[in-house]
Amino acid sequence: MAKRIRLAQRVVAESDRLAKDLAGRFNRAGVFVANLMGSPGAGKTALLEETARRLKGELRLAAIEGDLATDRDARRIQSAGIPCRQINTGGGCHLSARQILDAIAEFDLAALDCLFIENVGNLVCPAEFDLGEHCRVVVSSTPEGDDKPIKYPVAFHHADCVVLNKIDLLAATDFSLEAYRRFVRGLRPRIPILELSCRTGEGMEAWLDWVRTQRRTAAVRV
Ligand SMILES: Nc1nc2c(ncn2[C@@H]2O[C@H](COP(=O)(O)OP(=O)(O)O)[C@@H](O)[C@H]2O)c(=O)[nH]1
Ligand SMILES: [Mg+2]
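Residues numbered from 1 in each chain as written. Chains lettered and ligands numbered in written order. Predicted model: local features only at pLDDT ≥ 70, side-chain atom pairs only at ≥ 80, totals over all residues. Heavy atoms only, no water.

**Student:** What should I look at first to understand the overall build of the protein chain in this one?
**Tutor:** Helix and strand counts for the protein chain stand at eight helices and seven strands. Taken over C-alpha atoms, the radius of gyration comes to 17 Å for the protein chain, in line with the 17 Å a tight globule of 222 residues would show. In terms of overall dimensions, the protein chain has C-alpha extents of about 50 × 50 × 35 Å along its principal axes. Within the span of the protein chain, comprising 222 residues, buried residues form 51% of the whole. Restricting to contacts in the protein chain with at least 6 residues of sequence separation, those with at least 24 account for 72%. When the accessible area of the protein chain is evaluated, it comes to approximately 10,500 Å², of which 52% is carbon and sulfur surface. Distance between charge centres in the protein chain, computed from 32 positive and 29 negative side chains, equals 5 Å. (Helix = DSSP H or I, 4+ residues; strand = E, 2+ residues; numbered from the N terminus. Rg over C-alpha atoms; globule rule 2.2 N^0.38 Å. Buried < 20%, exposed > 50% of the residue type's maximum accessible area, 1.4 Å probe, protein only. Contact = heavy atoms within 4.5 Å. Areas by Shrake-Rupley, 256 points an atom, 1.4 Å probe, with all protein chains shown as cover. Lys, Arg positive; Asp, Glu negative; His and termini not counted. Charge placed at Lys NZ, Arg CZ, Asp CG, Glu CD.)

**Student:** How should I be thinking about helix H3 (residues 72–79) in this particular structure?
**Tutor:** Every α-helix carries 3.6 residues per turn, so stepping three or four residues along brings you back to the same face. Three or more residues of H3 are buried, namely Asp 73, Ala 74 and Ile 77. One face of H3 carries all of its buried residues, which in axial projection span an arc of 100°. Away from its buried face by more than 90 degrees, H3 exposes Arg 72 and Ser 79. Turning to H3, the residues buried within the fold contact helix H2 (44–55), strand S2 (61–67), strand S3 (84–88) and strand S4 (114–118). Remark: Gly 81 follows H3 within two positions and exhibits a positive phi of approximately 105°. (Arc of directions from axis to C-beta.)

**Student:** Teacher, can you tell me more about the packing of H2 against H3 here?
**Tutor:** When two helices pack together, their arrangement is captured by the angle between the axes and the distance separating the axes. Orientation of H2 relative to H3, taken along the N-to-C sense of each, is 20°, at an axis distance of 8 Å. Put simply, H2 runs roughly parallel to H3. Note on packing geometry: the crossing formed by H2 with H3 is right-handed. Where H2 abuts H3, its residues Thr 45, Ala 46, Leu 48 and Glu 49 lie against Asp 73, Arg 76 and Ile 77. (Axes fitted to C-alpha atoms, helices over the stretch in contact; angles between N-to-C directions. Parallel < 35°, antiparallel > 145°, perpendicular 65-115°, else oblique. Left-handed = near helix turned anticlockwise from the far one by under 90°.)

**Student:** Any chance you could explain the sheet that holds strand S1 (residues 32–37) here in plain terms?
**Tutor:** Two pairing modes exist for strands in a sheet, parallel and antiparallel, and in both the strands are linked by backbone hydrogen bonds. An order of S3-S2-S4-S1-S5-S6-S7 is seen for the seven strands of this open sheet, with the pairing classed as parallel. The sheet terminates laterally at S3 and strand S7 (193–195), the two strands that pair on one side only. On average, adjacent strands in this sheet sit at an angle of 20° to one another, irrespective of strand direction. Across five bridges, the pairing between S2 and S4 is parallel. (Pairing = 2+ DSSP bridges.)

**Student:** Is there a simple way to explain the environment of Arg 53 in this structure?
**Tutor:** If you trace the backbone, Arg 53 turns up in helix H2. Owing to a relative accessible area of 45%, Arg 53 belongs among the partly exposed residues under this scheme.

**Student:** I'm lost on the site of ligand 1 in this one. Help?
**Tutor:** Surveying the vicinity of ligand 1 reveals 17 residues, the closest of which are Gly 41, Lys 44, Thr 45, Ala 46 and Asp 168. Within the side chain of Arg 76, one N or O atom sits 2.8 Å away from an oxygen atom of ligand 1. When the free accessible area of ligand 1 is taken as 580 Å², the share hidden by the protein chains comes to 75%. For the shell around ligand 1, the per-class residue count stands at five nonpolar, six polar and six charged. (Near = heavy atom within 4 Å. Polar contact = N/O pair within 3.5 Å; in protein donor to acceptor, adjacent residues only side chain to side chain. Nonpolar A, V, L, I, M, F, W, Y, C, P; charged D, E, K, R; others polar.)

**Student:** I would appreciate a short explanation of the pattern of salt bridges in the present structure.
**Tutor:** Oppositely charged side chains may form a pair once their charged atoms are brought near each other. Per the counting criterion, the structure on display carries 20 salt bridges. Arg 85 serves as the salt-bridge partner of Glu 106, at 3.5 Å between the closest nitrogen and oxygen. Of the two residues, Glu 106 sits in the loop between helix H4 (97–104) and S4 while Arg 85 sits in strand S3, which places them 21 residues apart along the sequence. Looking at Glu 106, the relative accessible area reads 58%, which means it is exposed. (Salt bridge = Lys/Arg side-chain N within 4 Å of Asp/Glu carboxyl O.)

**Student:** Got a minute to help me understand the nonpolar core in this structure?
**Tutor:** Side chains that are nonpolar tend, in soluble globular proteins, to be buried together. Of all hydrophobic cores here, the largest spans 32 residues; its most connected members are Leu 36, Leu 47, Phe 116, Val 137, Val 163, Trp 207 and Trp 210. The set of elements that each furnish at least two residues to this core consists of S1, H2, S2, H3, S4, strand S5 (135–141), strand S6 (161–165) and helix H8 (204–220). The dominant element in this core, judged by the number of residues it contributes, is H8, at six residues. Ignoring any residue separated from it by four or fewer positions in sequence, one finds Trp 207 in contact with Leu 47, Thr 51, Phe 116, Val 137, Cys 161, Val 163, Leu 194 and Leu 196. (Core = buried A, V, L, I, M, F, W, Y, C linked by side-chain atoms within 4.5 Å.)

Dropping the structure here:
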């Protein structure tokens, strides 16, 4: 048992060391890095596709996609006009700092303004692993129900921004915006909650402004 605990401690220490290394590289390159997490189907890839289409003429963007299998999401992002690298985790339920280090070898970080990391669809494990990012974004969506913040508090607690996607479907669900906001605010009183629809484009400007502001802050760190 003591041996297993020591091994687990070593793995955590190594992961933290790699995350610090990543954070240093991102800051030296002046690239803003956001780690997106949320349930499968919340619309993480849809948000990145829309972001790519709307911001690619203004900012130099790239993405890393994490999925158990296939390169479908990376191809969607590439079709939206920005470079994207797919990571397949096999059975892994989250992205690791080691995987991000390997993936960024293909990017010239200093030539980027923003790098988006779409974590594996999962509201539990990704929250436990630092990838050296500047910000964490939790993406949720109306069909998932309004109680996700209180059922999965760790992900929301560590977030810097919450996106509520698929507001075009509000009328078709029993989702209560008032309850959702109250649950999020109960954990993080001042966090931005950006309610939008990747389908209709409603609310997208506020998200793009949030990205622009974070990017400016990251650029100052160089
Ligand atoms: N109605 C509606 N559907 C959406 C919206 N955003 C994404 N979707 C759909 O939701 C499904 C899952 O989206 P995807 O981006 O693959 O989710 P991910 O697993 O979080 O990356 C797809 O069929 C999208 O077309 C939205 O704002 N409104
Ligand atoms: Mg996806």
